[in-house]
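# Close look at the chain arrangement
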Amino acid sequence: MKTIVLIKQVPDTETKVKVNPGETDINREGINLVLNPYDEFAAEEAIKIKEAKGGEVVVCTLGEKKAEEAIRTALAMGADRAIRLDGEAFAGSDNYATAKALAKAIEKEGDYDLILCGKQAVDDDSAQVGTLVAEMLGIPSASLVINCEVGDGSVTITREIEGGNQELEIAMPCLLTAQKGLNEPRYPSLPGIMKAKRKKLDVLSAGDLGLGADEAGAAGSKTAIKELSMPPERKAGQVFEGEPEEIVPKVAQLLREEAKVI
Amino acid sequence: MSFPLTEEQHMVQLMVREFARKEIEPVAARNDVESRFPTAIIDKMGGLGLMGMMVPAEYGGGGTTAVSYVLALQEIAYACAATAVTMSVNNLVCGPLLEYGTEEQKEKYLIPLASGETLGSFAITEPEAGSDAASVSTRAVLKGNKYIINGSKVFITNGGHAGTFIVIARLGDKPRHRGMSAFIVERGTPGFEIGPEEKKMGVRASSTVSLVFDDCAVPAENMLGGEGEGFKIAMTALDSGRIGISSQAIGIARAAFDEAIKYGSMRKQFGRALVRNQAIQWMIADAARDIEAAHLLALSAAMAKDRGESFTRQASISKLFSSEAAVRICYDALQIHGGYGYTKDFKVERLYRDARVTTIYEGTSEVQRIVIANNALK
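First things first, this report covers the structure right here in the doc. (Residues numbered from 1 in each chain as written. Chains lettered and ligands numbered in written order. Predicted model: local features only at pLDDT ≥ 70, side-chain atom pairs only at ≥ 80, totals over all residues. Heavy atoms only, no water.)

### Structural notes on the nonpolar core
Cut-off, in case you're wondering: Here, the term nonpolar core denotes a set of buried Ala, Val, Leu, Ile, Met, Phe, Trp, Tyr and Cys residues that are joined through side-chain atoms within 4.5 Å. When a residue's accessible area, from a 1.4 Å probe over protein chains only, is under 20% of the maximum for its type it is buried; when over 50% it is exposed; and in between it is partly exposed. Helix and strand labels come from DSSP, where a helix needs a run of H or I of at least four residues and a strand needs a run of E of at least two; each type is numbered from the N terminus. Whether two residues are in contact is decided by their heavy atoms, any of which lying within 4.5 Å being enough.
Ranked by size, the top nonpolar core spans 143 residues in total, and within it L176 of chain A together with M45, L50, M87 and F122 of chain B carry the most contacts. In terms of residue count, helix α6 (residues 230-266) of chain B provides more of this core than any other element does, 13 residues in total. With residues up to four places along the chain from it excluded, the contact list for F122 of chain B reads V89, L92, V93, P96, I156, I166, I168, I233, A234 and A237 of chain B. In terms of nonpolar packing, the next biggest core, distinct from the first, is built from 26 residues, C60, I115, C117 and L211 of chain A among them.

### Some words on helix α4 (residues 81-100) of chain B
Test applied: Here a helix's expected span is defined as the number of its residues, less one, multiplied by 1.5 Å.
Spanning 20 residues, α4 of chain B covers 29 Å between terminal C-alpha atoms, matching the ideal 28 Å at 1.5 Å per step. With 17 of its 20 residues buried, α4 of chain B lies for the most part within the structure.

### Observations regarding the interface of chain A and chain B
Under the convention used in this document: Accessible area that two parts lose when put together, evaluated with a 1.4 Å probe and summed over both, is termed the buried area. We define a salt bridge as a contact between a side-chain nitrogen of Lys or Arg and a carboxyl oxygen of Asp or Glu at a distance within 4 Å. Contacts described as polar in this section are N or O atom pairs within 3.5 Å, which, within protein, must combine one atom able to donate a hydrogen with one able to accept it, while residues neighboring in sequence count only if both atoms come from side chains. Residue classes follow a fixed rule: Ala, Val, Leu, Ile, Met, Phe, Trp, Tyr, Cys and Pro count as nonpolar, while Asp, Glu, Lys and Arg count as charged, and any other residue, Gly among them, counts as polar.
Taken together, the contacts link 17 residues of chain A with 23 residues of chain B. Carbon and sulfur atoms supply 62% of the area buried between chain A and chain B, which totals about 1700 Å² over both sides. Joining chain A to chain B, the criterion identifies four salt bridges. For the salt bridge of E14 of chain A with R21 of chain B, the shortest nitrogen-to-oxygen distance reads 3.2 Å. Inspection of the region where chain A meets chain B yields six residue pairs in polar contact (both at pLDDT 80 or more). Those elements that provide at least two residues to the side of chain A that touches chain B are α2 (68-77) and α5 (190-196) of chain A. Element by element, the count of residues in the side of chain A that touches chain B is highest for α2 of chain A, at five residues. Grouping the constituent residues of the side of chain A that touches chain B by class yields eight nonpolar, three polar and six charged.

### Quick notes on the packing of helix α8 (residues 312-337) of chain B against helix α9 (residues 347-356) of chain B
Residue and element names in this part refer to chain B. We count it as follows: An axis is simply a line fitted to the C-alpha atoms; with a helix, the fit covers only the stretch in contact. Between two such axes, the angle follows the N-to-C directions and lies from 0 to 180 degrees. By definition in this entry, angles of less than 35 degrees are roughly parallel, angles greater than 145 are roughly antiparallel, angles of 65 to 115 are roughly perpendicular, and the rest are oblique. Two helices crossing with the near one rotated counterclockwise from the far one by less than a right angle form a left-handed crossing, whereas a clockwise rotation gives a right-handed crossing.
Between α8 and α9, the shortest axis-to-axis distance is 9 Å and the interhelical angle comes to 160°. Classed by the angle they form, the pair α8 and α9 counts as roughly antiparallel. For the crossing formed where α8 meets α9, the hand is left-handed. Of the residues in α9, those in contact with A326, V327, C330, Y331, A333, L334 and H337 of α8 are V348, L351, Y352, A355 and R356. Along the lines of polarity and charge, the residues of the contact of α8 with α9 split into ten nonpolar, one polar and one charged.

### Side note on the packing of aromatic side chains
All names here are of chain B. What counts here: Stacked, edge-to-face and tilted labels apply to pairs of Phe, Tyr and Trp rings (six-membered ring for Trp) whose centres lie within 6.5 Å, assigned for plane angles under 30 degrees, over 60, and everything in between, in that order.
Under the counting rule described, the total for this entry stands at eight aromatic pairs over all chains. Relative to F192, the ring of F165 has its centre 4.9 Å away and its plane inclined at 90°; by these criteria the two rings are edge-to-face. Here F192 lies in strand β6 (residues 192-194) and F165 lies in strand β4 (residues 164-171), a separation of 27 residues in the sequence. Since its relative accessible area comes to 0%, F165 is described here as buried. You can call F192 buried: its relative accessible area is 6%. When the ring of Y263 is compared with that of Y340, the centres are 6.3 Å apart and the planes differ by 50°; the resulting orientation is tilted. One end of the pair, Y263, is in helix α6; the other, Y340, is in the loop between α8 and α9, with 77 residues separating them in the sequence.

What follows is the structure, encoded as structure tokens:
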């Protein structure tokens, strides 16, 4: 059983994001980068499956050298080896170009049974790459998975849908995106961290994947970021004091006329 | 902080920070108030390799370096100083077992200690032998194939929950430090009584007890190291212990620093945030300076240890500086909080109490100065 886990390195969720005017990326100075929390669920699930059924877990990411820290975290948790896609050619990749590169790397790796990834990355929140990869590989996929049982040639999963849960049986190979609740990711142990250093990590370029110049990075993208801006600052709340009989009509009026919410 | 860490050290730091934030921080205040020993947390820390960080993985430990140990202890102490001292002492106990233990002793005692299955405790201090550790009067006498131990120990960290104790006792007729040996004593050995928990001012979720040995018979093979090596073993363990307490103090200081900035930025007086006043900014600047310096001193001691050099002097300098800085920083952080800081509603109140012991245990500030001066004057 070979499981491929797609991961992304993202700013720590406690980061206070800043945007410099006119720039199309956030200010990355001094921010802590971590393994995307939803990808942690994916990695944990893959490792659990390996522990139960045997086989191997391969981690794959598109990212600069710095992203190796996130890779090592997954390796320290118990994944076996990793592939990192890097090179100038990938600069400016959008969701589509990222998915294309990952799909090519997965095809090159071959012989997989399951692909797992987070339901979205917590930085750009686009929640597209996983499903795109499945489409490009021509395999079935399910998103927002909160339970996963691997059977013989298929997986039975539970996924979140509006107002309830849905149970599906999906033929393998397939791709699943992990939702919170799928499992409780382990902390990488110290011996795990020490071992992670020695695990195999291959770095592949666009050329290694057979991607042409117009298929990767900005050139291979369907979208481009034009501008980033901070959400408008929330105005300070208003405090009403007095007897309920006096202030309730006043608040109701303001909610209706100013805030226009009722 | 700006010191370049290796990828592995950074990963250890991030993992422990995450663990402390999620698993320890939420229960730290309650454990302090109720003096509740964090058994479940210590178990989890054992599973991660934190209870014997510098013990090789084949002996159940984390297989990492003293530098990583400094980073990890800071993160634990940032969330809970009591959990940090528990961890520090257990790591301290692992040291001499690794260095001086026979293969049988390692199998039997080190593996459970390093993996966190058993908690360890180190007993030197006695009612009449505190800073003057060479005046230990607990005595061991060889009788057949057993050592019979008599005497008492006080302020023994982890004692109430420990399964394995390293006990320093007098053996033979040689005076002072030359007549001391180390023994591994198991909890439950007949004649070994563990006293009630001390009611402490701070680190209240940690365990501190007295021990009484009344004709306590220990198998001869439980001597650790050779006869007369007890003082050397104790001092080596204390050197490592000082790096631990130094790191604990830094963690407490960092927490106080963050609390002070958080509160000082939110609290408005005279129409502006407290931190806009120069009097407050000077406190913050001094704290930042001391935390940075303390961190570098702790790393310097740890790196000397990792290189296999003597680090007695650096460990003392580091421990003296960090602990006294932590006390100052907590004092200022509480001052910034004003009257609110004097209530149990604010974390700084706990930090202030927790910091205080760091200038006392693992050698008082005065003992550190003796060590440093002796080193300078030799």
